[in-house]
Amino acid sequence: MRVRDQRNRRRGVLAAGMLAVALALTSACTGGGGKGDGNAPGWQGGADQPAAKASVTISEPAADAKNVPAATAITFATEQAEETSVELTDSAGKKVKGTLAKDGKSWLPAKALSYGESYTATVTATGDDGLPVTATSAFTVMKQPSKQVRITSFLGDDQTVGVAMPLIVKFGRAIPEKYRPEVQRRMTVTSSPAQEGIWHWVSPTEVRYRPKEFWKAGSKVSYRVQAGGLPLGDGWYGRADLTVDIKIGPKLVMTVDNSTKRMVVTRDGETIKTIPVSLGKKSTPSSSGTMVVMEKLRKTVFDTYDELGPEDGYRTKIDYAQRLTWGGEFIHAAPWSEGQQGTTNVSHGCVNVSMANGAWLFNNTRVGDPIVVKGTERKLQLGNGWTDWNVSWEQYVKGSALPYEPAEDEAADDETADDGTTEDESADPDVSASAAP
């Protein structure tokens, strides 16, 4: 028994010694624990980390969302955020380029996302305390839809046009009115120098843009429609994004006064030529108003038999024709009326000039150049051509699907847009259908 007691005693002493060593080691790990010691870890006397002031939540796309449109924007809400950044990556971790909206509430990818691909959006908000907070949302884009709407531009890249040229975008299917605001939000125009302008819905399938005043001569203009994958109603989606870059030529303006039977041509404000003209006779007067050269035809044939019948119709070869209206009003050479040009109106509504003057005009004008006709018996009918300049600015902005916001005085944005697909489309009717020499 004594032996057993002695052994127990030795075990107790050994255990006490081991405990003392453990306590000594624990004390050493705390860094001494002296007063004012800044090396103590947070769980033993250190200060708690303060909560960040800012907060952020992502509303769209929702976390783990499926069948997300390829044109989706990252929509989020922040509170007490001084700075906000957005990062979007695909399944391979590759970053997607995009732009933060001016209101700081959404972020739009630079181009349509890939169909069937998975993405992760991360929004980081930082308050005035410098502490960032993040929100993430992983989502999957829908498969490529079978019902796609073609989006086309009248103009193609690198064209040089006149100062009155409207930007014309057409859709292969009528866009329901409730979808137009979102479509228009995806339609941007940048110009150098900066100029105020707005989109105007001419019809459910066509929208145009014009600046408040004529484009400034020599401007560079880029316009973009980010509608690839955008829902357009009834299960239809935009087929592809569209980007077009153009240039504006000199300010060439043609002014025709019926009282003098003269056309005055100015370039950048200076008169460069005065041309005798013959306008439409009283039974077929020319239209008074501001028109735009829509197309130029070195040689063509005016054929009005289908329109006017065998008694009044005619078929005539024409040189140096420049279309002004869909109804058939042109500027063109008319050698048969040179004796009346400058004194008498004898045409069927067109602006007749001599062969020499027709050639000069043809060589000096561009599609998009304006012509102002004054003092005739008929006013230009809205929609009969590119009549965008025949209405006041106040009237024009009413055709926008979004509320008009006057432009701020800011520097031009000269950044080049990301690559897009441009599809040229000319919807002009056949010249021979309704020409009026």
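Residues numbered from 1 in each chain as written. Predicted model: local features only at pLDDT ≥ 70, side-chain atom pairs only at ≥ 80, totals over all residues. Heavy atoms only, no water.

*Asks:* Mind showing me how you'd approach the overall build of the protein chain here?
*Replies:* In terms of regular secondary structure, the protein chain is built from five helices and 29 strands. Each of the 437 residues in the protein chain was classed as buried or not, and the buried ones make up 43%. Here the analysis covers contacts within the protein chain between residues at least 6 apart in sequence; of these, 69% occur between residues at least 24 apart. With an accessible surface of roughly 23200 Å², the protein chain has 49% of that area assigned to carbon and sulfur atoms. (Helix = DSSP H or I, 4+ residues; strand = E, 2+ residues; numbered from the N terminus. Buried < 20%, exposed > 50% of the residue type's maximum accessible area, 1.4 Å probe, protein only. Contact = heavy atoms within 4.5 Å. Areas by Shrake-Rupley, 256 points an atom, 1.4 Å probe, with all protein chains shown as cover.)

*Asks:* Please clarify how the sheet that holds strand 5 (residues 98-100) should be interpreted in this entry.
*Replies:* Strands pair in a sheet through their backbones, by hydrogen bonds, and they do so in one of two ways: parallel or antiparallel. Taken in spatial order, the four strands make up an open sheet running 1-3-6-5, and their pairing is antiparallel. The open sheet terminates on both sides in strands that have one partner only, identified here as strand 1 (55-60) and strand 5. Adjacent strand axes in the sheet meet at a mean angle of 25 degrees when their direction is disregarded. Where strand 1 lies against strand 3 (residues 74-79), five bridges are found, and the strand directions are antiparallel. Bridging across to strand 3, Ser55 finds its partner in Glu79. (Pairing = 2+ DSSP bridges. Axes fitted to C-alpha atoms, helices over the stretch in contact; angles between N-to-C directions.)

*Asks:* How do you make sense of the confidence of the model for the protein chain when you look at a structure like this?
*Replies:* Detailed reading of the predicted coordinates is not advisable wherever pLDDT is low. Overall, the predicted model of the protein chain reaches an average pLDDT of 86, with 79% of residues at or above 70. Taken together, the stretch residues 1-45 has pLDDT below 50 and engages in four contacts with residues farther than four places along the chain or on a different chain. (pLDDT = per-residue confidence, 0-100.)

*Asks:* Any chance you could explain the packing of aromatic side chains here in plain terms?
*Replies:* Between two aromatic rings, the relevant description is the distance of the centres plus the angle of the planes. With the rule as written, the count across this model stands at 10 aromatic pairs. Where Tyr119 meets Phe139, the ring centres are 5.9 Å apart and the plane angle is 25 degrees; that geometry is what we call stacked. Linking Tyr119 in strand 7 (residues 118-126) with Phe139 in strand 8 (residues 132-141), this pair joins segments that are 20 residues apart in sequence. Taken as a pair, Tyr119 and Phe139 share a single burial class, namely buried. With 6.5 Å between their ring centres and 20 degrees between their planes, Trp393 and Tyr396 make a pair best called stacked. Linking Trp393 with Tyr396, this pair stays in helix 5 (residues 393-396), spanning three residues, or about one helical turn. By relative accessible area, which is 2% here, Tyr396 ends up buried. Geometry around Trp360 places Lys273 over its ring, the cationic atom sitting 5.2 Å from the centre. (Phe/Tyr/Trp six-rings, centres within 6.5 Å; stacked < 30°, edge-to-face > 60°. Lys NZ or Arg CZ within 6 Å of the ring centre and 35° of its normal.)

*Asks:* What is the right way to look at the pattern of salt bridges in this model?
*Replies:* A side chain of one charge can pair with a side chain of the opposite charge when the charged atoms of the two come close. Counted by the stated rule, this structure contains 12 salt bridges. Its salt-bridge partner being Lys95, residue Glu87 comes within 3.3 Å of it at the nearest N-O pair. Assessed through its relative accessible area of 35%, Glu87 is described here as partly exposed. For the salt bridge of Arg185 with Glu182, the shortest nitrogen-to-oxygen distance reads 3.1 Å. Within this pair, Arg185 and its partner Glu182 are both found in helix 2 (residues 180-185), separated by three residues, close to a single helical turn. Here the residues in one salt-bridge network are Lys170, Glu206, Arg208 and Asp388, joined through shared partners. (Salt bridge = Lys/Arg side-chain N within 4 Å of Asp/Glu carboxyl O.)

*Asks:* For this particular structure, what's the right way to read the nonpolar core?
*Replies:* In terms of nonpolar packing, the biggest core is built from 35 residues, with Leu167, Val169, Phe171, Val183, Trp199 and Ile246 touching the most fellow members. Apart from the residues within four sequence positions on either side, Trp199 is in contact with Leu167, Val169, Gln184, Met187, Thr188, Val189, Val207, Arg208, Tyr209, Tyr223, Gly399 and Ser400. Residues Ala54, Leu113, Ala121 and Ala135 belong to the second largest nonpolar core, which totals 21 residues. (Core = buried A, V, L, I, M, F, W, Y, C linked by side-chain atoms within 4.5 Å.)

*Asks:* I tried to follow the side chain of Glu206 on my own but got confused; where do I start?
*Replies:* Inspection of the secondary structure assignment puts Glu206 in strand 15 (residues 206-211). Under the relative-accessibility criterion, Glu206 is labelled buried at 11%. Engagement of the side chain of Glu206 in a polar contact is seen with the side chain of Arg208, the distance being 2.8 Å. Excluding residues that lie within four positions of it along the chain, Glu206 makes contacts with Ile168, Val169, Lys170, His200 and Trp201. (Polar contact = N/O pair within 3.5 Å; in protein donor to acceptor, adjacent residues only side chain to side chain.)

*Asks:* Sorry, what's going on with the side chain of Thr72 here?
*Replies:* As for its position among the elements, Thr72 is in the loop between strand 2 (65-68) and strand 3. With relative accessibility at 10%, the residue Thr72 sits in the buried group. Excluding its chain neighbours within four sequence positions, the residues that come into contact with Thr72 are Pro61, Leu108, Pro109, Leu113, Phe139 and Arg186.

*Asks:* Explain unusual backbone geometry to me, please; I cannot follow it from the model alone.
*Replies:* Note: most peptide bonds trans; most residues except glycine with negative phi. A cis amide bond, omega -10 degrees, links Glu60 with the succeeding residue Pro61. Structurally, Pro61 can be placed in the loop between strand 1 and strand 2. Residues Ser192 and Pro193 are joined by a peptide bond in cis, for which omega reads 0 degrees. Locating Pro193 in the fold gives a position in the loop between strand 13 (187-192) and strand 14 (197-203). Located in the positive-phi region is Gln80, a residue other than glycine, with phi close to 55 degrees.

*Asks:* Mind showing me how you'd approach the pairing of strand 25 (residues 315-323) here?
*Replies:* In the case of a regular strand, side chains alternate between the two sheet surfaces. The pairing of strand 24 (residues 295-303) with strand 25 spans eight bridges and is antiparallel. Of the residues in strand 25, the one forming a bridge with Lys296 is Gln322. Where strand 25 lies against strand 26 (residues 330-333), three bridges are found, and the strand directions are antiparallel. Looking at strand 26, one finds that Arg323 is bridged to Phe330.

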